[in-house]
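Topology and contacts: notes
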Amino acid sequence: MAASLQVTADHIIFHDAAASTEVNDECVCSMELPDTAFPTHMVVFLDDAYKNFTSDTEHEEDKITALHFRIIHFVDRVKNVTDIIREHETKGFKDDADYQNVNKTINDLKKIGNELSTLLNATDLGVEVLLNKVNNISSIVWQLETFDEDNVLVTRRENDKLRKQLADCEESAGNPNFGLPSAGLARPEIGSCNNKILLNISKPFIVKLNWRGFSYKYGGWGKDFALGTKNPGAYWVAPLNTDERLMETYRVYSTYKDLLLYRNQVERSLSQHIGLTWNYINCGQGSGMILFNNSLYYNCYNSRNLCKQDLKSNHIKREKVDDAVFNNWYSYSGVSWQDFDFAGDEKGLWVTYSTEQSKGKLIIAKVDPTTLKILKTWQTSLNKPEVTNTFMICGVLYALKRVSAHKELIFYTYDTNTGKESTLNIIMEKLSDTAQSVSYNPNDHKVYMYNDGYLVTYDMMFKYHSPKTRRSVPSDEGQGALTVASRGRQQLAVI
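Predicted model, so just to flag it, every value in this text is computed and none were measured.

For the rest of this paragraph, the subject is the sheet that holds strand S13 (residues 290–292). With respect to topology, four strands assemble into an open sheet ordered S13-S14-S15-S16, the strand pairing being antiparallel. Among the strands making up the open sheet, the edge pair consists of S13 and strand S16 (316–320). Each strand axis lies, on average, 25° off the axis of its neighbour in the sheet, ignoring direction. Taken together, the three bridges between S13 and strand S14 (residues 295–299) define a ladder with antiparallel strand orientation. Among the inter-strand pairings, phenylalanine 292 is bridged to a residue of S14, identified as serine 295.

In structure tokens:
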């Protein structure tokens, strides 16, 4: 090994080109500097921009807080005037001065309402200014990150993301109701259908792959979908055979941890070996099955019959649905053999299907869980082969259609309570291309999806009326104040 030699330079010359090593018998070291130096002035500018942004944010927050209290005071005055007017409607005015006093109070409220409307619109401008400053700061940070040649920041962000995923995984392992937060939206009371309007849906939470493996892409899964079930912690997974048609076996887990760890499962086989052949008469067909009140409901194999297997007694009951088409005649788009699709919500047990008479239009049917008899039907204008899947919430059917390999669109509703149809525009992200089974559970307000073999859940976000809202001024029983949309903004009007 050659001995190392330390040489002390007499001069250090900074330049771009190579220097001569012989200059008057002196040792000269050449150092090449990078083309660009780190822009420290941008760091100073970023620090000033951040301080200004923080100050402006606090100022806007103070303005909004003051406006919030003014609105509360305004609401109280509107309620008082409303009570006075109701009293006068009953007893009448004492004299003209009494009438003029009430009229003046109403005019004062109109003036205050207009002022509040102006202030509300002014907050939009303040928010836009803050947004521009955020964009400016983001631009500076992005430029500075280009100097991070060792990708220190990128690696740090990836580590933070992994820590968050690990924390989510640890929480999900011990919490069967784990899901993404609903953006601050209050959850309606379990079992209540009062103003339960679907507003949005969370990103998908991947629980695991089904127990039979990646090749079993079709099937269904979830909890017990009966409201107030006696087995709220039970989970079931029913992958179809690789022919994407036959449900021959399924498993039931007593807890969420058992589901995650593949333990303590009860596996049930629906096929029977008779003589030298297998009999599939009690098997299921398609991915429309659900567990409801400790019984599995499904489409009986190769028939227009509904099947119900009691998990306690293993007894199987069958009931024919007259005129219903079957054997993949009118299934969902991209999903074969799902001629019948069961659902359980706050209103009870449902099944959707089509008939030859309806020419593929989707029919909603209310089902008696005990007898499997159809109690009532509603025919929609929805062409079932154009829909990828459906689910029920409080007697309202929600329909999905494919947008891309990783997105579905909740685009249509049919309310069996009123018989009215309407449209929606809610994007539902998905892990993989095909959503074989989509079911809402009223016990936890989650949607359970079997997505190309993966077990996935979503949190539902419902619309509610908060007493502390920046965009509207609530009134007493709809009187006294009104929120009006104008040019994309909301203005306050006093009536």
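For the rest of this paragraph, the subject is the pairing of strand S18 (residues 348–353). With six of six residues buried, S18 is to be regarded as a mostly interior element. Pairing analysis gives five bridges linking strand S17 (residues 341–345) to S18, with the strands arranged antiparallel. Paired with phenylalanine 342 across the two strands is valine 351, which belongs to S18. Pairing between S18 and strand S19 (residues 361–367): five bridges, direction antiparallel. Paired with threonine 352 across the bridge in S19 is isoleucine 364.

With that settled, consider the side chain of aspartate 258. Relative to the helices and strands, aspartate 258 is located in helix H4 (residues 256–261). Of note is the side chain of aspartate 258, whose polar atom sits 3.0 Å from the side chain of serine 254. Not counting residues up to four positions away in its chain, the partners in contact with aspartate 258 are Tyr253, Arg263 and Asn264.

This structure, assessed with the given rule, holds 13 salt bridges. Salt-bridge contacts for glutamate 429 lead to lysine 203; the nearest nitrogen and oxygen are separated by 2.9 Å. Pair noted here: glutamate 429 is in strand S24 (residues 420–429) and lysine 203 is in the loop between strand S3 (197–201) and strand S4 (205–209), with a separation of 226 residues, a long-range link. For glutamate 429, a relative accessible area of 29% translates into the label partly exposed. The closest approach of N and O atoms between glutamate 319 and lysine 373, which form a salt bridge, is 3.0 Å. One end of the pair, glutamate 319, is in strand S16; the other, lysine 373, is in the loop between S19 and strand S20 (374–383), with 54 residues separating them in the sequence. Of the residues examined, lysine 373 reaches a relative accessible area of 44% and is grouped as partly exposed.

Here we take up the nonpolar core. In this structure, Trp221, Trp236, Leu259, Leu296 and Leu397 are the most contacted members of the largest nonpolar core, which totals 63 residues. For this core, the element with the most residues is S19, which contributes five residues. Excluding residues that lie within four positions of it along the chain, tryptophan 236 makes contacts with Gly220, Trp221, Gly222, Lys223, Phe225, Arg251, Val252, Met289, Ile290, Leu291 and Leu296. Membership of the second largest hydrophobic core comes to 20 residues, among which are Ile393, Tyr440, Val447 and Tyr458.

Disulfide: a covalent bond connecting the sulfur atoms of a pair of cysteines. Counted according to the given criterion, the structure contains two disulfides. A disulfide bridge connects cysteine 300 with cysteine 307, and the sulfur atoms are separated by 2.0 Å. With the S-S dihedral at roughly 115°, the linkage between cysteine 300 and cysteine 307 falls on the right-handed side. We classify cysteine 300 as buried; its relative accessible area is 0%. Distance from the sulfur of cysteine 283, which forms no disulfide, to the nearest cysteine sulfur (cysteine 307) is 9.5 Å. You can call cysteine 283 buried: its relative accessible area is 0%.

The tally for this structure, following the rule as stated, stands at 13 aromatic pairs. Geometrically, the ring pair formed by tryptophan 329 and tyrosine 330 is stacked, given 6.0 Å between the ring centres and 15° between the ring planes. Measuring from centroid to centroid gives 5.7 Å for tryptophan 350 and tryptophan 378, while their planes differ by 50°, and the two rings are tilted. Placement of tryptophan 350 in strand S18 and of tryptophan 378 in strand S20 is noted, with a sequence separation of 28 residues between them. Each member of the pair, tryptophan 350 as well as tryptophan 378, is classed as buried. Of the aromatic side chains, those joined through ring pairs into one cluster are Trp221, Phe225, Tyr235, Tyr256 and Tyr448. Looking at lysine 366, its charged tip hangs above the ring of tryptophan 350, at a distance of 5.2 Å from the centre.

The terminal C-alpha atoms of helix H1 (residues 40–91), which comprises 52 residues, lie 77 Å apart, in line with the 76 Å expected from a rise of 1.5 Å per residue. Those residues of H1 that sit buried are Met42, Leu46, Ala49, Glu60, Leu67, Ile71, Phe74, Val75, Val78, Val81, Thr82 and His88. Of the residues one or two after H1, glycine 92 is the one with positive phi, at around 85°.

Once that is clear, we can look at unusual backbone geometry. A positive phi angle, near 60°, is found at asparagine 302, a position not held by glycine. Inspection of the secondary structure puts asparagine 302 in the loop between S14 and strand S15 (305–310). Not every positive phi belongs to a glycine, and asparagine 328 is a case in point at roughly 70°. Assignment of secondary structure puts asparagine 328 in the loop between S16 and S17. Owing to a relative accessible area of 30%, asparagine 328 belongs among the partly exposed residues under this scheme.

About the thresholds
- Residues numbered from 1 in each chain as written.
- Predicted model: local features only at pLDDT ≥ 70, side-chain atom pairs only at ≥ 80, totals over all residues.
- Heavy atoms only, no water.
- Pairing = 2+ DSSP bridges.
- Helix = DSSP H or I, 4+ residues; strand = E, 2+ residues; numbered from the N terminus.
- Axes fitted to C-alpha atoms, helices over the stretch in contact; angles between N-to-C directions.
- Buried < 20%, exposed > 50% of the residue type's maximum accessible area, 1.4 Å probe, protein only.
- Polar contact = N/O pair within 3.5 Å; in protein donor to acceptor, adjacent residues only side chain to side chain.
- Contact = heavy atoms within 4.5 Å.
- Salt bridge = Lys/Arg side-chain N within 4 Å of Asp/Glu carboxyl O.
- Core = buried A, V, L, I, M, F, W, Y, C linked by side-chain atoms within 4.5 Å.
- Disulfide = S-S within 2.5 Å.
- Phe/Tyr/Trp six-rings, centres within 6.5 Å; stacked < 30°, edge-to-face > 60°.
- Lys NZ or Arg CZ within 6 Å of the ring centre and 35° of its normal.
- Expected span 1.5 Å × (residues − 1).

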